[in-house]
Amino acid sequence: PLVPLRGSHNRLEWLSVDSFGPRTATTLEYLGLANNNLLELPGCVPACAKLSTLQVEYNPLRNPPPELVSQGMAVLRQYCELRDARIAAFENLLTEYDFEFEASHLVPQSFNVRTGRTGFLTPDDLEAFDAAVDAYLNGPYYKNPSTDTEILERIDTVRHEREHVFYNVMLQ
């Protein structure tokens, strides 16, 4: 069984859930990933029940926020579980709003989230939307004042306002 995994100093940029064997979740106790280029923890970390030591220093981590890493595995597991739930709920809302989007553009940093039918939105509108999505999903969510619904309603309202202005100008 895999108990320690030492992957420090390898210029790793990401690790998929598949990077670890299926039994890793029940045996891994130490995960050393310091001094890499990781933006987020591997998705399997919360499932590693025996994981007691996680070394991720000197990575440009966004998820979890660096201030949470030193608070222990229980806090990290809770953060990761909540973040996964937020991402799933946000994807469901995007679908409910009938927004075309690319799920792979949501994490670890949101960019070009809306992929089609952007209508009358300007590049600045889309950039502001991406920034709001990024703060909501990838930043310290506990500091974010907006809800997922507010973010989507805001961009939908802007799109409708821009459409209304466009047609009013055309009809004059």
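Heads up: these notes are all about the structure in this document. Values in this document were obtained by computation on a predicted structure and should not be read as measured data. (Residues numbered from 1 in each chain as written. Predicted model: local features only at pLDDT ≥ 70, side-chain atom pairs only at ≥ 80, totals over all residues. Heavy atoms only, no water.)

Scanning the protein chain for helices and strands turns up five helices and five strands. Listing every helix and strand of the protein chain by position from the N terminus yields β-α-β-β-α-α-β-β-α-α. The C-alpha radius of gyration computed for the protein chain amounts to 19 Å, which surpasses the reference 16 Å derived for 172 residues by more than 25%, pointing to a less compact arrangement than a globule. Each principal axis of the C-alpha atoms in the protein chain carries an extent, and together these give about 70 × 30 × 25 Å. Within the protein chain, contacts between residues at least 6 apart in sequence are counted, and of these 54% link residues at least 24 apart. Total accessible area on the protein chain is roughly 9900 Å²; 54% of this is exposed by carbon and sulfur atoms. Here the protein chain contributes 14 positive and 24 negative side-chain charges, whose respective centroids are spaced 8 Å apart. (Helix = DSSP H or I, 4+ residues; strand = E, 2+ residues; numbered from the N terminus. Rg over C-alpha atoms; globule rule 2.2 N^0.38 Å. Contact = heavy atoms within 4.5 Å. Areas by Shrake-Rupley, 256 points an atom, 1.4 Å probe, with all protein chains shown as cover. Lys, Arg positive; Asp, Glu negative; His and termini not counted. Charge placed at Lys NZ, Arg CZ, Asp CG, Glu CD.)

Moving on, we come to the packing of aromatic side chains. Tallied over the full model, the rule gives five aromatic pairs. Ring plane angle 40° and centroid distance 5.2 Å describe the contact between Phe 120 and Phe 166, whose orientation is recorded as tilted. Taken as a pair, Phe 120 in the loop between strand E5 (114-116) and helix H4 (123-138) and Phe 166 in helix H5 (residues 148-171) lie far apart in primary sequence, 46 residues in all. Classification of Phe 120 as partly exposed rests on a relative accessible area of 26%. (Phe/Tyr/Trp six-rings, centres within 6.5 Å; stacked < 30°, edge-to-face > 60°. Buried < 20%, exposed > 50% of the residue type's maximum accessible area, 1.4 Å probe, protein only.)

In this fold, Asp 156 is placed in helix H5. A distance of 3.0 Å separates polar atoms of two side chains, one belonging to Asp 156 and the other to Arg 159. (Polar contact = N/O pair within 3.5 Å; in protein donor to acceptor, adjacent residues only side chain to side chain.)

Let us look at the layout of surface pockets. Put simply, the largest pocket is a space of about 270 Å³. Taken together, 13 residues form the lining of the largest pocket, with Glu 40, Leu 41, Gly 43, Arg 83 and Asp 84 sitting closest to its centre. Each residue belonging to the lining of the largest pocket can be placed in one class, and the counts come to seven nonpolar, three polar and three charged. (1 Å grid on protein atoms, 1.4 Å probe; cavity = no way out; pocket = protein on both sides within 12 Å on 5 of 7 lines; lining within 4 Å. Points joined across faces, edges and corners; volume = space filled by probe spheres on them. Nonpolar A, V, L, I, M, F, W, Y, C, P; charged D, E, K, R; others polar.)

So, about the pattern of salt bridges. Summed over all chains, the structure comprises seven salt bridges. Ionic pairing is found between Arg 159 and Asp 156, a salt bridge with its closest N-O pair at 3.0 Å. Separated by three residues within a single helix, Arg 159 and Asp 156 lie in helix H5, roughly one turn from each other. For the pair Arg 159 and Asp 156, a shared accessibility class is recorded, and that class is buried. (Salt bridge = Lys/Arg side-chain N within 4 Å of Asp/Glu carboxyl O.)

Glancing now at H4. In this model, H4 (16 residues) spans 21 Å end to end at C-alpha, consistent with the 22 Å of a helix rising 1.5 Å per residue. Those residues of H4 that sit buried are Asp 125, Phe 129, Asp 130, Ala 132, Val 133, Asp 134, Tyr 136, Leu 137 and Asn 138. For H4, the secondary structure elements touched by its buried residues are helix H3 (73-96), E5 and H5. (Expected span 1.5 Å × (residues − 1).)

Take the sheet that holds strand E2 (residues 30-32) next. With parallel pairing, three strands are arranged side by side in an open sheet as E1-E2-E3. The outermost strands of the open sheet, each flanked by one partner alone, are strand E1 (4-6) and strand E3 (53-55). On average, adjacent strands in this sheet sit at an angle of 0° to one another, irrespective of strand direction. The pairing of E1 with E2 spans three bridges and is parallel. Note that in E2 the partner of Leu 5 across the bridge is Leu 31. (Pairing = 2+ DSSP bridges. Axes fitted to C-alpha atoms, helices over the stretch in contact; angles between N-to-C directions.)

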